[in-house]
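Structural overview
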Amino acid sequence: MAKIYLLSNQKYSDVENLEVFHIEYIKSNPNLSNYDALIFTSKNAVYSLDSFNENWKKLDSYVIAPKTSQIIEKLGGKVVFTGITSHGNEFAQELIELLKNKKVLYVKALKTVSNLVEILKENKILVDELVAYKTSCKKSNVSLEDNSVFIFTSPSSVECFFKQYQWKDNYKVIVIGKTTAKFLPKEVDYTISSETSIDECINLARQSLF
């Protein structure tokens, strides 16, 4: 029986989590008083920073997508801008005018794939980076059903999936954004969600099963 497999740990009814990677927070002691603002492109960066330094809530947050903004607000942080395009390089372009004359800290994963920092620096924005978490592949023992739909939520989810599973032509793919799509093997057809949101990916996946 065909299923929807979500490569993330968020829970949804009628969706099976396929956990092929795990997140490890990287604790540090940044002096946040040196900065005017923070940049977040991932909810994991928010959760990690919040686990070891609550002073981040005093700073303005510039956030790539609505879901991450909601998490920041729920934790008591200050969202001053949420990205319109929700894609890394385009988000950087959106930030250029907003961050002029500010010193900002980009809270990020160990491995990132966008050119956000380079774009900001090229445009004379003072930006530092704080590595707050890393992603590692882990073994999955799930046997996959034919004709199923797979939702890839990050480049790491793609990388870790294809390290251990063989691709079948009857599988379908939904990806959360353009950056993630670039990491898929060339022979894999996919649909990109119109919003950078797992909820929207799930809606697409449900439609594609019928």
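Notes on the structure in this doc start here. The shown structure was predicted, so the numbers you read here are calculated from the model rather than taken from an experiment.

**A few points about the overall build of the chain**
- A tally of regular secondary structure across the chain gives seven helices and eleven strands.
- Since a compact globule built from 210 residues should have a radius of gyration of about 17 Å, the 18 Å found for the chain is in line with a globular shape.
- In terms of overall dimensions, the chain has C-alpha extents of about 55 × 30 × 25 Å along its principal axes.
- Out of the 210 residues belonging to the chain, those deemed buried represent 48%.
- Taking contacts inside the chain between residues at least 6 apart in sequence as the whole, the part at least 24 apart equals 57%.

**What to know about unusual backbone geometry**
- In the Ramachandran plot, Asp-14 falls in the positive-phi region, its phi being about 60 degrees despite a non-glycine side chain.
- For Asp-14, the position within the fold is in the loop between β1 (4-7) and β2 (16-17).
- The backbone of Asn-147 shows a phi angle near 65 degrees, a positive value even though the residue is not glycine.
- Among the structural elements, Asn-147 can be located in the loop between β8 (126-137) and β9 (149-152).

**Notes on the packing of aromatic side chains**
- Applying the stated criterion across every chain, the model contains 13 aromatic pairs.
- Taking the centre distance of 5.0 Å and the plane angle of 75 degrees together, the rings of Phe-161 and Phe-162 count as edge-to-face.
- When its relative accessible area of 0% is taken as the criterion, Phe-161 is described as buried.
- One aromatic cluster is present, formed by Tyr-5, Phe-150, Phe-152, Phe-161, Phe-162, Tyr-165, Trp-167 and Tyr-171 through successive ring pairs.

**Describing the state of the cysteines**
- Here the structure, examined in full by the defined rule, presents one disulfide.
- Lacking any disulfide linkage, Cys-201 is separated from the closest cysteine sulfur, that of Cys-160, by 18 Å.

**Describing the sheet that holds β8**
- One open sheet accounts for six strands, arranged β3-β8-β7-β4-β5-β6; its pairing is mixed. Looking at strand neighbours, the two that pair on one side only are β3 (21-25) and β6 (78-82), the edges of this open sheet. Adjacent strand axes in the sheet meet at a mean angle of 30 degrees, parallel and antiparallel pairs treated alike.
- As judged from the four bridges shared by strand β5 (residues 60-63) and β6, these two strands associate in the parallel manner. From the neighbouring strand, Ser-61 faces β6, where its bridge partner is Val-79.
- Against the sheet, helix α2 (residues 66-75) contacts β4 (37-40), β5 and β6, and its axis sits at roughly 170 degrees relative to β6.
- Set on the sheet, helix α5 (residues 155-164) makes contact with β3 and β8; between it and β8 the angle comes to about 25 degrees.

**Details of the side chain of Ser-140**
- Within the secondary structure layout, Ser-140 lies in the loop between β8 and β9.
- Within the local environment of Ser-140, its side chain forms a polar contact with the backbone nitrogen of Val-142, the two atoms lying 3.3 Å apart.
- Within polar-contact distance, the side chain of Ser-140 engages the side chain of Tyr-165 at 2.8 Å.
- Each residue touching Ser-140, except ones within four places of it in the same chain, is listed here: Leu-18, Glu-19, Val-20, Gln-164 and Tyr-165.

**Describing the pairing of β1**
- Neither face of β1 is open: one carries Ile-4 and Leu-6, the other Tyr-5 and Leu-7, and all of them are buried.
- For β1 and β9, the ladder comprises four bridges, and the chain directions are parallel. By the bridge assignment for β9, Leu-6 is matched with Ile-151.
- Direction of pairing for β1 relative to β2: parallel, over a ladder of two bridges. Paired with Tyr-5 across the bridge in β2 is Glu-16.

**Regarding the sheet that holds β9**
- Strand order in the open sheet made by the five strands is β2-β1-β9-β10-β11, with parallel pairing throughout. The sheet terminates laterally at β2 and β11 (191-192), the two strands that pair on one side only.
- Note: β9 against strand β10 (residues 172-175), four bridges, orientation parallel. Residue pairing in the sheet places Phe-152 in a bridge with Val-175 of β10.

Quick notes on the rules
- For every chain, the first residue of the written sequence is number 1, and numbering continues from 1 onward in sequence order.
- It should be noted that, the model being predicted, local features are given only for residues of pLDDT at least 70 and side-chain atom pairs only at 80 or more, the latter also being counted only at that level, while totals for whole chains, interfaces and linings use all residues.
- Processing note: side-chain calculations cover all non-hydrogen atoms of the structure and skip hydrogens and water entirely.
- Only runs of H or I of at least four residues qualify as helices and only runs of E of at least two qualify as strands under DSSP, and these elements are numbered from the N terminus.
- The globule rule is 2.2 Å times the number of residues to the power 0.38, and the radius of gyration it is compared with is taken over C-alpha atoms.
- Here's how the labels work: a residue is buried when its accessible area is under 20% of the maximum for its type, exposed when over 50%, partly exposed in between, all with a 1.4 Å probe on protein chains only.
- In this analysis, two residues are considered to be in contact whenever any of their non-hydrogen atoms come within 4.5 Å of each other.
- Any two of the Phe, Tyr and Trp rings considered here, Trp counted by its six-membered ring, make a pair once their centres fall within 6.5 Å; the pair's planes then place it as stacked at under 30 degrees, edge-to-face at over 60, or tilted in between.
- Throughout, a disulfide means two cysteine sulfur atoms within 2.5 Å of one another.
- Only when DSSP finds a minimum of two bridges between them are two strands counted as paired.
- Axis lines are fitted through C-alpha atoms, for helices just across the contact stretch, and the angle between N-to-C directions can take any value from 0 to 180 degrees.
- Definition of a polar contact: a pair of N or O atoms within 3.5 Å, with one able to donate and the other able to accept a hydrogen when the atoms are protein atoms, and with sequence-neighbouring residues admitted only if both atoms are side-chain atoms.

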